Amino acid sequence: MSDQFEKKPPVTTTDAGIPATSDEHSLSVGPNGPLLLQDHYVIQKMAQFNRERVPERVVHAKGSGAFGYFEVTADVTKYTSAAFLNTVGKRTPVLLRFSTVAGEQGSADTVRDPRGFAIKFYTEEGNYDLVGNNTPIFFVRDPSKFSDFIHSQKRMPGDDMRSSNAQWDFWSLSPETIHQVTFLMTDRGTPRTYRHMDGFGSHTFMWINAQSEKFWVKYHFKTEQGIENFTDAEAKAMTAEDPDFHRRDLREAIDKGDFPAWRLDMQIMPFADAANYRFNPFDLTKVWPHSDYPAITVGRLVLDRNPENFFAEIEQASFEPSNMVPGIGPSPDKMLLGRLFSYPDAHRYRIGTNYLQVPVNQPKSEVHSYNKDGSMRYRHNGNQPVYAPNSYSGPQANPNIIEPGWETDGALVRSAYTLHAEDDDFGQAGTLYRHVLSPEDRDHLVNNIVNHMSQGVEKFIQERAIKLWYQVDPDLGTRIAQGLGLAISLQVEEVK
Ligand code: HEM
């Protein structure tokens, strides 16, 4: 502190660097005004203030982030040629942003919601973004339903309030959501901190090795801090006590050198297995049971540096599932394919055409594209060629990079995935209820659902939702019906 007083502060300037004459008084004609248009300093100050916000993210608006590194701990070159994964011990700088989904920028960290887990790997072959959640699955399996789903979760058009009725209306009319809703209603829907939860790539992705062999893969980041959750009551109490609890926790842990870490485990499926697997392996509402595809540990992610400026480095951070490096590609998961379009489109709107030039989004590898100009462009290659082909040693594409494609029959359809034997919506949610959750977890699940469905949900929607819970598990359906005081006791057969 003493240093601060002893050091002479710099002179205030305009943003153009011109010294200012007062930090307190605008320039006026006499002490009572009027004010003058020539007071460029004060006019700039007011104008800049009016432009301080960029639109918040349409989803995942409230979040926190930190920097760190990813280290390879096992040889995966037989699965992928990605350069950042090619040597055990290799470290790649990362940015990880955590978030809630439905709340606005000022909303509480501890509400029931999935948590975003978005990673930017600054690799030597450009940025690789893995934009996942703390859940291995998602609510819907077609991108066409994403905005409908989000509209049902966020504020209603009339009163600008959130509506449990709308949430359960959408969920109960969309049986594919039940697995993720079950997950969300367990205590994992209210993680204690960002550090005490796992992260998932959630989708199935493709890895391609140097011999052009392809694999289907899933990413699991397992917390080294251990899983810890709040109960519903604890989460609600913390929402009142400290709405920034997760943000504060992350920042303080890193500040005191208690660096959070995650182990990266991968599930790897041989390319040919997908066609006849028991359910569609690209369906985002399903997990791959580890008994079918056991996970192998391949790396470790550590966060060891807080952002210096939240707006510049976290609010303006732009993650895009379309950023995939050679050796990694998408799968036929329609949700993933939809997301490849959506994120860069969002960034052009939210941040601007040249969002990739904001320092936090810039790759650490060199950029040699033929794109030019546009609003706020400052990076340029002098008078280098801006067209290809050219005769002046401009950059040339590398045709040897293997395109991550797959075969299709080429017919245009609007349909669900081709049916596999176990493509139903309820089986995995039932397994979660019966075999993964402890008796205490099951009690909490029932209470959390009953509490949530008691908040202004119309009776016919409650009844429709209960029919889905019966199909997950008759015991779960019965307990929820009892909790809501509804006299329906349908058998599974009756509700099909
Ligand atoms: C078709 C489905 C989806 C669409 C259209 C979609 C769209 C979006 C959009 C527009 C944003 C805001 C981006 C920004 O302004 O920076 C966003 C953020 C995000 N989405 Fe999605 N999303 C979809 C599904 C998913 C899924 C399945 C996951 C996780 C598995 C996910 C995880 C995230 C995360 C973590 C963020 C915040 C990224 C950050 O921290 O900046 N989204 N999504």
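Residues numbered from 1 in each chain as written. Predicted model: local features only at pLDDT ≥ 70, side-chain atom pairs only at ≥ 80, totals over all residues. Heavy atoms only, no water.

Asks: So what exactly am I meant to see when it comes to the coordination of the iron atom of the ligand here?
Replies: Six octahedral donors around a metal ideally subtend angles of 90 or 180 degrees, whereas four tetrahedral donors ideally subtend 109.5 degrees. Among protein atoms, the single one acting as a donor to the iron atom of the ligand is Y343 (OH), 1.8 Å away. Its place among the elements puts Y343 in helix α9 (residues 334-350). (Donors = N, O, S within 2.8 Å, 3.2 Å for Na, K, Ca; no water. Helix = DSSP H or I, 4+ residues; strand = E, 2+ residues; numbered from the N terminus.)

Asks: Looking at this model, I keep getting lost on the UniProt feature "binding site: heme" (unreviewed entry) in the protein. Mind explaining?
Replies: Here, the residues flagged by UniProt with the feature "binding site: heme" (unreviewed entry) are Y343. You can call Y343 partly exposed: its relative accessible area is 24%. The contact partners of Y343, leaving out residues within four places of it in the chain, are V131, F319, E320 and P321. (UniProt positions renumbered as here; feature names shortened; annotations may be inferred. Buried < 20%, exposed > 50% of the residue type's maximum accessible area, 1.4 Å probe, protein only. Contact = heavy atoms within 4.5 Å.)

Asks: Quick question: what am I supposed to make of the pairing of strand β1 (residues 63-72) here?
Replies: Where a strand is regular, its side chains alternate between the two sheet faces. The buried count for β1 comes to nine of 10 residues, which makes it a mostly enclosed element. Two elements, β1 and strand β2 (residues 91-100), share nine bridges in a ladder whose sense is antiparallel. By the bridge assignment, G68 is partnered in β2 with V94. Bridge analysis of β1 against strand β9 (residues 296-305) gives six bridges, and the strand direction is antiparallel. Paired with V72 across the bridge in β9 is G299. (Pairing = 2+ DSSP bridges.)

Asks: For this particular structure, what's the right way to read the domain arrangement of the protein?
Replies: Reports of interface size often rely on the accessible area that becomes lost once the parts have come together. If you check the domain split of the protein, you get domain 1 (1-27 + 35-52), domain 2 (63-160 + 189-361) and domain 3 (427-495). Between the C-alpha centres of domain 2 and domain 3 the distance comes to 29 Å. With eight residues of domain 2 at the contact, the number on the domain 3 side is five residues. Both sides of the domain 2 and domain 3 interface together cover about 460 Å² of buried area, and 44% of this is carbon and sulfur. (Domains from an automatic or database assignment. Buried area = accessible area lost by both parts, 1.4 Å probe.)

Asks: Help me understand the UniProt feature "active site" (unreviewed entry) in the protein, please; the structure alone is not making it clear to me.
Replies: The UniProt record marks H60 and N133 with the feature "active site" (unreviewed entry), using the residue numbering of this structure. Taken together, the annotated residues stretch across 74 residues yet fold into one region, lying no more than 10.5 Å apart by C-alpha. Along the polypeptide, H60 turns up in the loop between α2 (40-50) and β1. Side chain to side chain, H60 and S99 meet in a polar contact 2.8 Å long. Relative to the helices and strands, N133 is located in strand β4 (residues 126-133). (Polar contact = N/O pair within 3.5 Å; in protein donor to acceptor, adjacent residues only side chain to side chain.)

Asks: Could you clarify how one ought to interpret the nonpolar core in this entry?
Replies: Nonpolar side chains in soluble globular proteins tend to be buried together. Ranked by internal contacts, the top residues of the largest apolar core, which has 40 residues, are W168, W171, M453, W469 and I480. Taken together, domain 2 (63-160 + 189-361) and domain 3 (427-495) each give at least three residues to this core, which thus spans both. In this view, I480 contacts V446, I449, V450, M453, I466 and W469; residues no more than four positions away in its chain are not counted. If you look at the next biggest cluster of nonpolar residues, it comprises 37 residues, including V94, L130, Y194 and L336. (Core = buried A, V, L, I, M, F, W, Y, C linked by side-chain atoms within 4.5 Å.)

Asks: Looking at this structure, I do not really get the site of the ligand. What am I missing?
Replies: In the neighbourhood of the ligand, 25 residues make up the surrounding shell, with R57, R97, R339, Y343 and H347 lying closest. The separation between a nitrogen atom of the ligand and a polar side-chain atom of Y343 is 2.7 Å. In this structure, R350 approaches the ligand through a side-chain N or O atom, which is 3.2 Å from an oxygen atom. Residue assignment for the shell around the ligand shows that the elements contributing at least two residues are β3 (115-123), β4 and α9. With seven residues, the single largest contributor to the shell around the ligand is α9. Of the residues in the shell around the ligand, the class split is 13 nonpolar, eight polar and four charged. (Near = heavy atom within 4 Å. Nonpolar A, V, L, I, M, F, W, Y, C, P; charged D, E, K, R; others polar.)

Asks: Looking at this structure, how should I read the packing of aromatic side chains?
Replies: Two aromatic rings, taken as a pair, are described by how far apart their centres are and by the angle between their planes. As enumerated under the stated definition, the model contains 29 aromatic pairs in all. With centroids separated by 6.1 Å and ring planes inclined at 5°, the aromatic side chains of F139 and W171 adopt a geometry described as stacked. Remark: W171 occurs in helix α4 (residues 164-173) and F139 occurs in the loop between β4 and α3 (146-153); sequence separation between them is 32 residues. Accessibility assignment for this pair places F139 and W171 in one class, buried. Ring pairing ties together the aromatic residues F138, F139, F146, F149, W168, F170, W171 and W469, which thus form one cluster. We note R91 situated over the ring of Y69; from NZ or CZ to the ring centre the distance is 3.9 Å. Cation over ring: K364 sits above Y122, and NZ or CZ is 4.5 Å from the ring centre. (Phe/Tyr/Trp six-rings, centres within 6.5 Å; stacked < 30°, edge-to-face > 60°. Lys NZ or Arg CZ within 6 Å of the ring centre and 35° of its normal.)

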